[in-house]
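Breakdown of the fold
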Amino acid sequence: MLLAVTSAYALIFAWMGYRYLRRRDPLLRDVMVMFASVAMLFVLGLVEVFGGSASPVVMGILVAVLLAKPVFTLRLVARLRRVSPWLMAGATAAWAVSAAPVVVATAGMRSRRMILLAAGVFFCLEILAAVLLAAQAHCRGGAARVRFWCAAAATALFGVAVLTSAAGRSAAVHSRVLALAAGLLYLLAFVPPRRLSRFWSTGAAYAMTQRLLTVAPDADAAETWRHFCHGASQVLGADVAAVLLPTTPGRLSVMAYDDRVLLSREADDRDVGDLLAAGCTIDALAGWTGPPAVAVELAQATGTRYVTATPITTVAGRGALVMLSRYRSLFADDDIALFTELADQAAALAQRAVVLAERQRLAVIVESSPNAVIGRSLDGVITSWNAGAERLYGYPAAEALGRDIALIFLEGQEETERELVARAAAGERVEQDRVRRRHRDGRIVTVALTLSAICGPDGQVTGVAGISRDISERRRAELMFQGLLEAAPDAMVGVTEDGTITLVNAQTEKLFGYARKELLGRNVDILVPERVRAAHPGQRARYFAEPRTRQLGGGASLAAVRKDGSEFPAEISLSALETDQGIIVSAAIRDVSDRVAAQAERERLITQAERDAAERRLQHTRRLESLGQLAGGVAHDFNNILAIIGNYTELVLDTLDAPNPAPADLAAARDDLGQIRHAAERAAQLTKQLLSFGRRDVTQAQVLSLNHVVGDVEQMLRRTLGEHIHLITHLDRELRTVHADPGQLEQILVNLAVNARDAMPGGGTLSIDTGNADLGPDDAGNYNLRPGSYVRLRVSDTGAGMPREVQERAFEPFYTTKPRGAGTGLGLATVYGIATAAGGDVHLYSELDIGTTVTIMLPATDQPLAEGPAAEPAGEPADQTPAHETILMVEDEDALRQTTARILTRAGYEVLAADGGPQAIHVAQTHPGGIDLLLTDVIMPKMMGNEVATRVAAVRPGIPVLYMSGYAEPVLTDNGTLPDGFIMVEKPFTSRELLHRVQDILTRQSAATP
């Protein structure tokens, strides 16, 4: 019997060794060591039966290995759960203490007490190991729980077998039977039959299935997988059970019982492949073994060490079931295989939740859709009716469901609808635009209709779904858009990417000359000029590659071509429109011909303004040069005059200083004084020319005829010009009158005649003619005058003429071509100043070797001719009655005030002299007698002459006033004339001129006084 039992155990041990050792797992090696220690009991029996007395050493080794079996079992348990190191150390020490005497002592020296002690320690340690295995069975499920119970029972039973064998030979058979029973239990624990272990796992699988079925159908997939992971961790004894589930191609999500983050990154197919390629439990902390990175990350995230993975299959692809434990797992193979199969069911349940959620989401979408979604059977019965249908057609769902769909049709639409349903049932997607339907209240609504087939689980068509979208507002919007498009002021052209014209408005037809049907469907290049048409497709392609709103040409005008071939400048703005047919570019085209013309005119005006500005700067420069010439000329002439006056004065003083001057010397002194007087007259004439040129001369204008002026100076000119100059006058008998100063007009004639004489040294003809001229808008521009009636004075000679450069500077002051000392250069400048001051203009025309013509235009007046001259010519006073009147004379210049006072006093007048306005007013207020005349200068430092006259007149009402001044601009009117009643004697004046003017005023005052 012993042989049979031992043989059976040997076969079991050999089978287990083959099953376990081929996997090279340290845990399985510990199992084999434990089984080897169990085998020592049978080996000892065989030795005792067949070998007689064996070697003491061999017997000692066999006994030591047998007695070490509890230690080996505790070592195996320590790999499955936490076992205190002190417990392992105590167990090892107890084994050593109890087994050492038995091993060392020979067979004859072993006492029963020694053997019983060793067997008792063995039994106690085995019972401890059995308790730990039973505790492990308590926290497991499925086949692992039964197998751990078998292992615990086998361990305890083997302890009893060893303890029984210590009783002696009488108990040897019982001991071996118990050992055989323990071996059979170990066989069930470690190498159970496949069907039996499957049966043991069925209960856990059923419980897991029940747990999964308790998950709410509408729960999300994550909830189902959480329940699966929780059950797997309980049955398989793992600290954490997780699943790696594919989400998108190549990407997986990690899911466990709780919401902890197991991976800081997104897992991929490579991670799953690495886990499954290991084929066994992975020690993630054993870096020398090269564990997969994902296993290390999962272990670190959960605080575990051992990772076991098995593949699972889902609808989305391959995943993995991963068990994470702090200790090794034993007896879990069958349960893991079963849970791998259950993972497929969990995936199906999770997919069910996804499908239900999707259906619910679709139901919510359909119900919340603003469009009418209506389901109907093939025979037209309404099966579904959403809220959009209620709003669109007015029927509540309760009223519409079960009724025929024809309730929303218009009369006569049934046949058309049957055809559309047949097409949809055949698998065609039917789309209809602008379909008319009837509302519950009878009104017509326009909808866009889409029909598609409804298929059952078997793929058979069970009905038709229709989506109706209300386009009544869209239709109105389209009409409004069309109206706005047609009313747009610019030509609007819609173009597709290949250049086809799809949209035009009325302004396009008007601008390009094409009819709408001639443009639609044609290429837009027909509107592009031929010279740039080749480059247009490339430009269009670049714009479609990056469409954005912009203006072509960078703001510059482009060119477009009409139907008749004519081109026009255009401004083109582009904008891209997204449509269901793709991108359409809208081009707004505007004819900018008027703008281009206006821009050209603006640029012309700018250029003209710049040219005018340059001309003004040139004129300013020339004026500055003229002022320099003026200053130099005046200084030159006045220096000559002053030299004459100074030198002749010294000569006279030398003559008068002699005690008894000779009669010849006195006669010479008289001639010298004449030269001084002549120099003073020259100075007066020069200042008068300067004032005339600067329009600051005192103008005593009157209505006159140029014919009279020409007649007055004609004889004087004939004497002045000489016999070699032939003077001819042509005077218009119907000549209009002008308003001017006759003296200034005489000066114009004299200056022009002198210039003509100098231009004809060898003789020639000088002609003076007058005439009327009516200037129109075109003619007035040549003279810088306004259109109107004018009187023309023209002076022509047959002299040498002027070159162009001389003509351009002829009117500049002190510009002369005569030799130094032969002319002042003020002749023509004075003529120009007098003419323009009178409101006229001067025009000069000259040709070399032919002659020169100067034309003066003066504005004509309708006033009658004056009855007589403005003043009597200077001469001896008509009335020789001695003067006796009192004159208040105001002059700020001391020397002039003294000489004027002497002239008046010598003539018999009483003179009250004042050096300024304040003193004059004081004299007027304090003088006890009468004052017959106020003689005042015009320009004075503190008070002007007209203000003095006003203040004195306030004290002496009716007092006549005579002004004296050589520069009277402050009192002149805008046209350079004296105000009415303003009488003045011009400086420098002679005593005769002064006395004549004073006597004339006093005579008028005396005649006016009753």
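The written sequence of each chain sets the order in which its residues are numbered from 1. Predicted model: local features are reported for residues with pLDDT of at least 70 only, side-chain atom pairs are reported and counted for 80 or more only, and whole-chain, interface and lining totals are derived from all residues. Side-chain metrics in this entry use all non-hydrogen atoms of the structure; hydrogen atoms and water are not considered.

Rule in force here: UniProt positions are given in the numbering used here, feature names are shortened, and annotations may be inferred rather than shown by experiment.
Per an unreviewed UniProt entry, the chain goes by the name histidine kinase and belongs to Paractinoplanes atraurantiacus. Quoted straight from UniProt, the Subcellular location (unreviewed entry) entry for the chain says "Cell membrane". Taken from UniProt, the Catalytic activity (unreviewed entry) comment for the chain reads in full: "ATP + protein L-histidine = ADP + protein N-phospho-L-histidine."

Topic: the overall build of the chain
Selection criterion: Helical segments are the DSSP runs of H or I of at least four residues, strand segments are the runs of E of at least two, and each set is numbered from the N terminus. Partly exposed describes any residue whose relative accessible area lies between the buried limit of under 20% and the exposed limit of over 50%, with all areas from a 1.4 Å probe on protein chains only and scaled to the type maximum. What makes two residues a contact is simply this: any of their non-hydrogen atoms within 4.5 Å. Using a 1.4 Å probe, accessible areas were evaluated by the Shrake-Rupley method; residue-level cover was limited to the displayed protein chains.
In terms of regular secondary structure, the chain is built from 31 helices and 29 strands. Classification of the 1010 residues of the chain by burial places 42% in the buried group. Considering only contacts in the chain between residues 6 or more positions apart, those separated by 24 or more positions represent 62%. Split by element, the accessible area of the chain, about 53,000 Å² in all, is 56% carbon and sulfur.

Let's talk about unusual backbone geometry
Phi angles above zero are rare outside glycine, and Asp 849 is one such case at about 65 degrees. With respect to the element layout, Asp 849 can be found in the loop between strand 23 (841-847) and strand 24 (851-861).

Looking at the sheet that holds strand 10 (residues 444-455)
This is how it is decided: By definition, two strands form a pair when at least two bridges between them are found by DSSP. Helix axes are fitted to C-alpha atoms over the stretch in contact, other axes to C-alpha atoms as well, and angles between N-to-C directions run from 0 to 180 degrees.
Pairing in this open sheet of 5 strands is antiparallel, and the strands run 8-7-11-10-9 from one edge to the other. The open sheet has two edge strands with one neighbour each: strand 8 (382-385) and strand 9 (430-438). The mean angle between the axes of side-by-side strands here comes to 30 degrees, regardless of whether they run parallel or antiparallel. Across the sheet, helix 16 (residues 414-425) touches strand 7 (372-377), strand 9, strand 10 and strand 11 (461-470), and the angle it forms with strand 10 is around 35 degrees.

Some details on the environment of Val 561
Tracing the chain through its elements places Val 561 in strand 15 (residues 558-561). Sequence spacing of Val 561 and Phe 512 is 49 residues, and the spatial spacing of their C-alpha atoms is 7.2 Å. Residues within four places of Val 561 in sequence aside, it is in contact with Phe 512, Ile 526, Leu 527, Val 528, Pro 529, Arg 533, Ser 566, Glu 567 and Phe 568.

A closer look at the side chain of Arg 140
This is how it is decided: N or O atoms within 3.5 Å of each other form a polar contact, as long as, within protein, one can give a hydrogen and the other can take it, and as long as residues adjacent in sequence are counted only when both atoms are side-chain atoms.
Examined against the element boundaries, Arg 140 turns out to sit in the loop between helix 6 (112-138) and helix 7 (142-165). Under the relative-accessibility criterion, Arg 140 is labelled buried at 2%. Polar side-chain contacts of Arg 140 include one of 3.3 Å to the backbone oxygen of Leu 330. Each residue touching Arg 140, except ones within four places of it in the same chain, is listed here: Arg 145, Phe 148, Gln 234, Val 235, Leu 236, Gly 237, Ser 329, Leu 330, Phe 331 and Ala 332.

A short note on the environment of Val 709
Inspection of the secondary structure assignment puts Val 709 in helix 23 (residues 706-721). Residue Val 709 is classed as buried on the basis of its relative accessible area, which comes to 3%. Separated by 33 residues in the primary sequence, Val 709 and Pro 742 place their C-alpha atoms 6.6 Å from one another. Excluding residues that lie within four positions of it along the chain, Val 709 makes contacts with Leu 704, Pro 742, Leu 745, Glu 746 and Leu 749.

Some remarks on the confidence of the model for the chain
Should the pLDDT be low somewhere, the predicted coordinates at that spot are not to be read in detail. This is how the line gets drawn: One number per residue, pLDDT, summarises how confident the predictor is, and it ranges from 0 to 100.
Considering every residue of the chain, the mean pLDDT works out to 79; 82% of them sit at 70 or more. When mean pLDDT is taken per element in the chain, strand 25 (residues 886-890) scores highest with 92 and helix 1 (residues 2-21) scores lowest with 60. Predicted confidence for residues 868-879 stays below pLDDT 50, and this span has 12 contacts to residues more than four positions away or in other chains.

Some words on the environment of Thr 308
Topologically, Thr 308 is positioned in strand 5 (residues 306-314). Look at Thr 308 and you get buried, because its relative accessible area is 18%. Beyond its immediate stretch of four places on either side in the chain, Thr 308 contacts Thr 281, Leu 321, Val 322, Met 323 and Ile 336. Reaching out from Thr 308, the side chain makes a polar contact with the side chain of Thr 281 at a distance of 3.0 Å.

So, the sheet that holds strand 29 (residues 984-986)
Strand order in the open sheet formed by 5 strands is 26-25-27-28-29, and the pairing between neighbours is parallel. The open sheet has two edge strands with one neighbour each: strand 26 (910-914) and strand 29. Geometrically, the sheet is characterised by an average inter-axis angle of 20 degrees between neighbouring strands, direction not taken into account. Pairing analysis gives 3 bridges linking strand 28 (residues 961-965) to strand 29, with the strands arranged parallel.

Comments concerning the pattern of salt bridges
Close approach of charged atoms allows side chains of opposite charge to pair. As a reminder, the rule being used: What makes a salt bridge here is a side-chain nitrogen of Lys or Arg within 4 Å of a carboxyl oxygen of Asp or Glu, nothing more.
Following the criterion strictly, the structure yields 27 salt bridges and no others. A salt bridge links Asp 239 to Arg 326, with the shortest nitrogen-to-oxygen separation between them at 3.4 Å. Taken together, the residues Asp 239 in the loop between helix 10 (221-236) and strand 1 (240-248) and Arg 326 in the loop between strand 6 (317-325) and helix 13 (333-368) connect sequence positions 87 residues apart. Notably, a salt bridge pairs Arg 533 with Glu 530, separated by 3.0 Å at the nearest N-O pair. Here Arg 533 falls in the partly exposed class, since its relative accessible area comes to 27%. The exposed category is assigned to Glu 530, whose relative accessible area is 59%. Three or more residues are tied together by salt bridges with common partners; here these are Arg 376, Glu 417 and Arg 437.

Quick look at a negative patch on the surface
Rules: Residues enter patches when they are more than 30% accessible in relative terms and free of salt bridges; like-charged ones are connected within 9 Å and nonpolar ones (Val, Leu, Ile, Met, Phe, Trp, Tyr) within 5 Å. For the charge count, each Lys or Arg is scored as positive and each Asp or Glu as negative, with His and the chain ends excluded. To locate a charge, the coordinates of NZ of Lys, CZ of Arg, CG of Asp or CD of Glu are taken.
There is a patch of like negative charges on the surface, built from Asp 379, Asp 404, Glu 411 and Glu 414. Along the chain, the position of Glu 411 falls in the loop between helix 15 (397-400) and helix 16. Look at Glu 411 and you get exposed, because its relative accessible area is 77%.

A short note on the side chain of Glu 417
On the secondary structure map, Glu 417 appears in helix 16. Here Glu 417 falls in the buried class, since its relative accessible area comes to 4%. Discounting residues that sit within four places of it in the chain, Glu 417 has contacts with Arg 376, Phe 409, Arg 437 and Leu 449.

Digging into helix 28 (residues 894-906)
To be explicit about the condition: Here, expected helix span is obtained from the residue count minus one, scaled by 1.5 Å. The directions considered for the arc run from the helix axis to the C-beta atoms.
Under the 1.5 Å per step criterion, the end-to-end length of helix 28 is 18 Å for 13 residues, consistent within 8% with the ideal 18 Å. Taken residue by residue, helix 28 has Arg 897, Thr 900, Ala 901, Ile 903 and Leu 904 as its buried positions. The buried side chains of helix 28 occupy one side of the element, clustering within an arc of 160 degrees when seen end-on. Pointing more than 90 degrees away from the buried face of helix 28 are the exposed residues Gln 898, Arg 902 and Arg 906.

Points about the pairing of strand 20 (residues 737-740)
When strand 18 (residues 702-704) meets strand 20, the two strands line up antiparallel, connected through 3 bridges. Within strand 20, the residue paired with Val 703 across the bridge is His 739. Inspection of the sheet shows strand 20 paired to strand 24 by 2 bridges, in the antiparallel sense. Paired with Val 738 across the bridge in strand 24 is Ala 860.

Quick notes on helix 23
In plain terms, the rule: Fitting one axis to the seven residues ending at a residue and another to the seven starting there, the bend at that residue is the angle between the two axes.
Of all the bends in helix 23, the largest measures some 40 degrees and sits at Glu 714. Among all positions of helix 23, only Leu 706, Asn 707, Val 709, Val 710, Val 713, Glu 714, Leu 717 and Leu 721 are buried. Directly after helix 23, the chain includes Gly 722, whose backbone phi takes a positive value near 100 degrees.

Re the pairing of strand 6
Among the 9 residues of strand 6, 7 are classified as buried, and the element is accordingly described as predominantly covered. Here 5 bridges tie strand 1 to strand 6, and the two strands are oriented antiparallel to one another. Bridge assignment links Ala 242 to a residue of strand 6, and that residue is Val 322. Here strand 5 runs beside strand 6; their pairing, made up of 9 bridges, is antiparallel. From the neighbouring strand, Ala 309 faces strand 6, where its bridge partner is Val 322.

Let's talk about the nonpolar core
Under the convention used in this document: By convention a nonpolar core is built from buried Ala, Val, Leu, Ile, Met, Phe, Trp, Tyr and Cys residues, the set being connected through side-chain atoms within 4.5 Å.
Ranked by internal contacts, the top residues of the largest apolar core, which has 45 residues, are Phe 148, Phe 158, Tyr 186, Phe 190, Leu 330 and Phe 331. Elements that contribute at least two residues to this core include exactly helix 2 (26-51), helix 3 (56-67), helix 4 (69-80), helix 5 (85-104), helix 6, helix 7 and helix 8 (172-190). Residues contacting Phe 331, with those up to four places away along its chain left out, are Arg 140, Ala 144, Arg 147, Phe 148, Ala 151, Ala 189 and Phe 190. Ala 753, Val 842, Leu 844 and Ile 856 belong to the second-largest nonpolar core, a separate cluster that totals 36 residues.

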